[in-house]
Amino acid sequence: MMFSSVRMFPAQLGVPAESGCCVASVGRLAVWRKVARSRSVYSLVLHPHVWKASQANTPEECFSLLFVDEIINEMVQWTNQKINISAAKYKHHNATIQPTTPEEIRAMLGVLIFSGYRRDNHLSTKDTWSPSVGSCFYRAAMSEGRFTFLLNCLRFDDADTREQRRETDKFTPIRKVWDIFIEACGTHYMPHEFLTVDEQLLAFRGRCPFRMYIPNKPAKYGIKIVMVNDVNSKYMLSGIPYLGKQGTRARDGQNLGHSFTKELTERYHNTNRNVTTDNWFTSVPLIQDMLHNCGMTMIGTVRGNKAEIPEEMKDKTTRAPGSSAFLFTKDMTLVSYVPKTPSSKKIVLLLSSMHDNNSLASSGKPTIIEDYNRTKGGVDTFDQMCGQYSCGRKTKRWPLCVFYGMVNTGVINSRIIYEENMKRAGGKQIKRKQYMQELAVLLKPQQLGSSTPFGTGSHNLRDRMSSLEVIG
């Protein structure tokens with residue numbers, strides 16, 4: 001749809017919001033229409049997994065909802081495949097190079113989570129396991145050599161068929177595990193009214209066929225994950241890796257931003273929720289598609305070079321600072337706002353299918369902009385949370401970088417589930433650091449024999465970890 005023959009209404013000249021009317025310009029005809037758009041969110045049919053998640057009462061139970069047994073078993077199977085190849089190069093076999101088990105993989109996850117809790121992930125393994133520098137938790141969990149060997153051998157797919165699968169999917173070294181994890185994240189949580197679609201950059205500077213350079217991100221280089229998050233809780237609902245121009249195909253007649261937004265929100269179509277996006281995603285065809293075919297509204301900044309945006313909405317030469325101009329069609333509202341900051345050279349353009357009036361907030365800004373600012377931070381805040389207590393370590397292998405991102409996501413998402421369950425049951429609320437500490441201790445093997453590769457001492461690991469006083 002082409003916006004044209006726009007009539008400009010600065011804030012002081014526009015139709016008062018309390019009048020319940022506004023000017024709409026469709027084609028070359030400006031008409032009056034009554035503002036009467038209502039809004040209510042329709043609940044999805046309660047998935048059995050959501051009910052199961054509501055019954056999780058411990059950090060370990062919540063985390064296991066997302067890192068399901070199928071993921072652990074995949075890791076065990078293909079890690080052992082690599083261990084068998086690596087162990088053949090050793091002259092003497094010992095506990096360090098033995099095959100792994102599901103219990104040990106969970107213990108390894110506990111070590112990674114504990115290092116995130118203590119912010120030890122930047123330390124070398126030598127310092128981490130040092131009696132003078134590191135925590136005794138690491139030494140109780142497993143030896144330094146075993147931990148390093150496990151990370152080096154950690155694999156997520158069959159190496160024998162990888163090259164054949166890589167021809168059609170660049171993400172194939174971790175695709176199956178990723179898909180299982182994303183499905184678990186989506187099915188175990190019911191989001192609130194507002195969702196955010198944006199990008200996360202997993203910091204990585206090694207060799208990767210789809211490594212991105214994004215100058216406005218702290219890491220600059222890394223693996224781009226496009227994701228949708230709940231605005232209220234910051235829960236990550238779904239994510240799609242960006243595999244470059246050759247590895248990521250848009251649907252017919254759609255740009256990538258359109259395809260990503262529609263695919264990520266597919267589970268919530270026809271629920272009347274709202275999606276907030278930035279100008280990489282927002283377009284007139286996307287907003288119309290989401291409104292008419294997907295039953296969802298949208299708010300988003302839009303680039304001024306879009307063909308549908310009239311020149312009058314981009315011209316600030318005759319506009320006073322703090323003024324707003326509105327343009328309406330049947331489906332959406334376009335607002336052009338001139339910031340009050342004297343140094344600002346840009347006009348702020350936003351499109352919304354959730355709003356259909358020219359109301360202003362107490363700050364003098366249009367309500368559309370206030371609502372956008374309130375709902376745009378779901379992914380950015382989630383990304384900050386990942387970095388605050390990151391479980392990741394330096395690596396030259398991009399699948400391991402993605403795996404660390406999954407662990408960070410699993411910790412945050414599981415903690416949100418735990419927190420909401422405790423709130424509903426009237427239980428004790430705990431901070432994220434304490435949650436990570438308790439989760440790390442709980443991710444321990446249930447029983448160990450003398451021949452297991454955990455630890456280096458003669459004491460049973462379960463007894464050692466149970467009696468361990470964790471010091472932050």
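As a reminder, the structure under discussion sits directly above these lines.
So, here is what we can say about the structure in this document. Treat the numbers as computed from the prediction; the structure is a model and nothing was measured.

### Quick notes on the side chain of T187
Consideration 1: Tracing the sequence through the fold places T187 in helix α9 (residues 175–187).
Consideration 2: Within the structure, T187 has its side chain in polar contact with the backbone oxygen of E183 (distance 3.0 Å).
Consideration 3: One polar contact links the side chain of T187 to the main-chain carbonyl oxygen of A184, over a distance of 3.4 Å.

### Some points on the environment of F156
Consideration 1: Counting through the fold element by element, F156 comes out in the loop between α7 (144–153) and α8 (162–166).
Consideration 2: Sequence-distant contacts of F156, that is, excluding residues within four places in its chain, are made with E74, M75, W78, P173, I174, V177, P399, L400 and F403.

### Observations concerning the pattern of salt bridges
Consideration 1: Applying the stated criterion to the full structure yields 15 salt bridges.
Consideration 2: The residue D69 makes a salt bridge to R106 at a minimum N-O spacing of 2.6 Å. One end of the pair, D69, is in helix α3 (residues 69–87); the other, R106, is in helix α4 (residues 102–118), and 37 residues separate them in sequence.
Consideration 3: For D69, a relative accessible area of 48% puts it in the partly exposed group.
Consideration 4: Counted as one network, the salt bridges with shared partners bring together D157, R162 and R165.

### Quick word on the environment of K126
Consideration 1: Relative to the helices and strands, K126 resides in helix α5 (residues 125–128).
Consideration 2: Using a relative accessible area of 62% as the deciding quantity, one classes K126 as exposed.
Consideration 3: Sequence separation of K126 and E144 is 18 residues, and the distance between their C-alpha atoms is 7.2 Å.

### Notes on the nonpolar core
Nonpolar side chains in soluble globular proteins tend to be buried together.
Consideration 1: With 112 residues, the main nonpolar core has I113, I223 and F403 as its most contacted residues.
Consideration 2: Residue contributions to this core peak at 14 residues, all from helix α15 (residues 398–425).
Consideration 3: Setting aside anything within four residues of it in sequence, one finds F403 in contact with F67, M75, M108, L109, L112, L154, F156 and I174.
Consideration 4: If you look at the next biggest cluster of nonpolar residues, it comprises 12 residues, including F194, F326, V335 and Y372.

### A few points about the packing of aromatic side chains
Consideration 1: The final tally for this structure, using the stated rule, is 23 aromatic pairs.
Consideration 2: Between K224 and the ring centre of Y242, over which it is positioned, the NZ or CZ distance is 4.9 Å.
Consideration 3: The positively charged end of R374 is found above the aromatic ring belonging to F194, 5.1 Å away from the centroid.

### A short note on α4
Consideration 1: For α4, with 17 residues, the first-to-last C-alpha span of 24 Å sits near the 24 Å given by 1.5 Å per residue.
Consideration 2: Here α4 lies mainly inside the structure; 13 of its 17 residues are buried.
Consideration 3: Count one or two residues on from α4 and you reach R119, which has phi positive near 60°.

### Concerning the packing of α9 against α15
Consideration 1: Taken N-terminus to C-terminus, the directions of α9 and α15 make an angle of 15°; their axes are 12 Å apart at the nearest point. By the criterion of interaxial angle, the relationship of α9 to α15 is roughly parallel. The handedness of the crossing between α9 and α15 comes out as left-handed. From α9, V177, W178, F181 and C185 reach across to α15, where they touch V402, M406, T409, G410 and N413.
Consideration 2: Looking at the contact of α9 with α15, its residues break down into 6 nonpolar, 3 polar and no charged.

### Considerations on the pairing of strand β7 (residues 274–277)
Consideration 1: A two-sided burial pattern is seen for β7, the buried positions comprising N274 and T276 on one face and V275 and T277 on the other.
Consideration 2: By the bridge criterion, 3 bridges tie strand β3 (residues 194–203) to β7 in an arrangement that is parallel. Paired with L195 across the two strands is V275, which belongs to β7.
Consideration 3: Where β7 meets strand β8 (residues 297–301), 4 bridges bridge the pair, whose relative direction is parallel. Residue N274 lies in a different strand from β8, and its bridge partner there is T297.
Consideration 4: The parallel pair β7 and β8 is bridged by helix α12 (residues 284–293), and the resulting crossover is right-handed.

### Some points on the packing of helix α2 (residues 59–66) against helix α16 (residues 432–442)
Consideration 1: Contact geometry for α2 and α16: axes closest at 9 Å, N-to-C directions at 80°. Considered as vectors, α2 and α16 are oriented roughly perpendicular to each other. Contacts between α2 and α16 pair P59, E60, C62 and F63 from the former with Y435, E438, L439 and L442 from the latter.
Consideration 2: Looking at the contact of α2 with α16, its residues break down into 6 nonpolar, no polar and 2 charged.

### Overview of the side chain of E104
Consideration 1: Mapped onto the elements, E104 comes out in helix α4.
Consideration 2: Since its relative accessible area comes to 0%, E104 is described here as buried.
Consideration 3: One polar contact links E104 to T100, side chain to side chain, over a distance of 2.7 Å.

### Let's talk about unusual backbone geometry
Consideration 1: One non-glycine residue, K234, adopts positive backbone phi at about 75°.
Consideration 2: Mapped onto the elements, K234 comes out in the loop between β5 (221–230) and β6 (236–241).
Consideration 3: One non-glycine residue with positive phi stands out, namely N270, at about 65°.
Consideration 4: Secondary-structure assignment places N270 in the loop between α11 (256–264) and β7.

### A word on the environment of E74
Consideration 1: Among the secondary structure elements, E74 is positioned in helix α3.
Consideration 2: The buried category is assigned to E74, whose relative accessible area is 11%.
Consideration 3: In this structure, the C-alpha to C-alpha distance between E74 and D157, residues 83 residues apart in sequence, is 7.3 Å.
Consideration 4: Ignoring sequence-local partners within four residues, the contact set of E74 consists of R155, F156, K176 and V177.

### What about α2?
Consideration 1: Here α2 has its buried residues at P59, C62, F63, L65 and L66. Each buried residue of α2 lies within a common arc of 145° when the element is viewed along its axis, so the set occupies one face.

Rules used throughout
- Residues numbered from 1 in each chain as written.
- Predicted model: local features only at pLDDT ≥ 70, side-chain atom pairs only at ≥ 80, totals over all residues.
- Heavy atoms only, no water.
- Helix = DSSP H or I, 4+ residues; strand = E, 2+ residues; numbered from the N terminus.
- Polar contact = N/O pair within 3.5 Å; in protein donor to acceptor, adjacent residues only side chain to side chain.
- Contact = heavy atoms within 4.5 Å.
- Salt bridge = Lys/Arg side-chain N within 4 Å of Asp/Glu carboxyl O.
- Buried < 20%, exposed > 50% of the residue type's maximum accessible area, 1.4 Å probe, protein only.
- Core = buried A, V, L, I, M, F, W, Y, C linked by side-chain atoms within 4.5 Å.
- Phe/Tyr/Trp six-rings, centres within 6.5 Å; stacked < 30°, edge-to-face > 60°.
- Lys NZ or Arg CZ within 6 Å of the ring centre and 35° of its normal.
- Expected span 1.5 Å × (residues − 1).
- Axes fitted to C-alpha atoms, helices over the stretch in contact; angles between N-to-C directions.
- Parallel < 35°, antiparallel > 145°, perpendicular 65-115°, else oblique.
- Left-handed = near helix turned anticlockwise from the far one by under 90°.
- Nonpolar A, V, L, I, M, F, W, Y, C, P; charged D, E, K, R; others polar.
- Pairing = 2+ DSSP bridges.
- Right-handed = clockwise from strand over helix to strand, strands pointing away.
- Arc of directions from axis to C-beta.

By themselves, these figures tell us nothing about what the structure is for.
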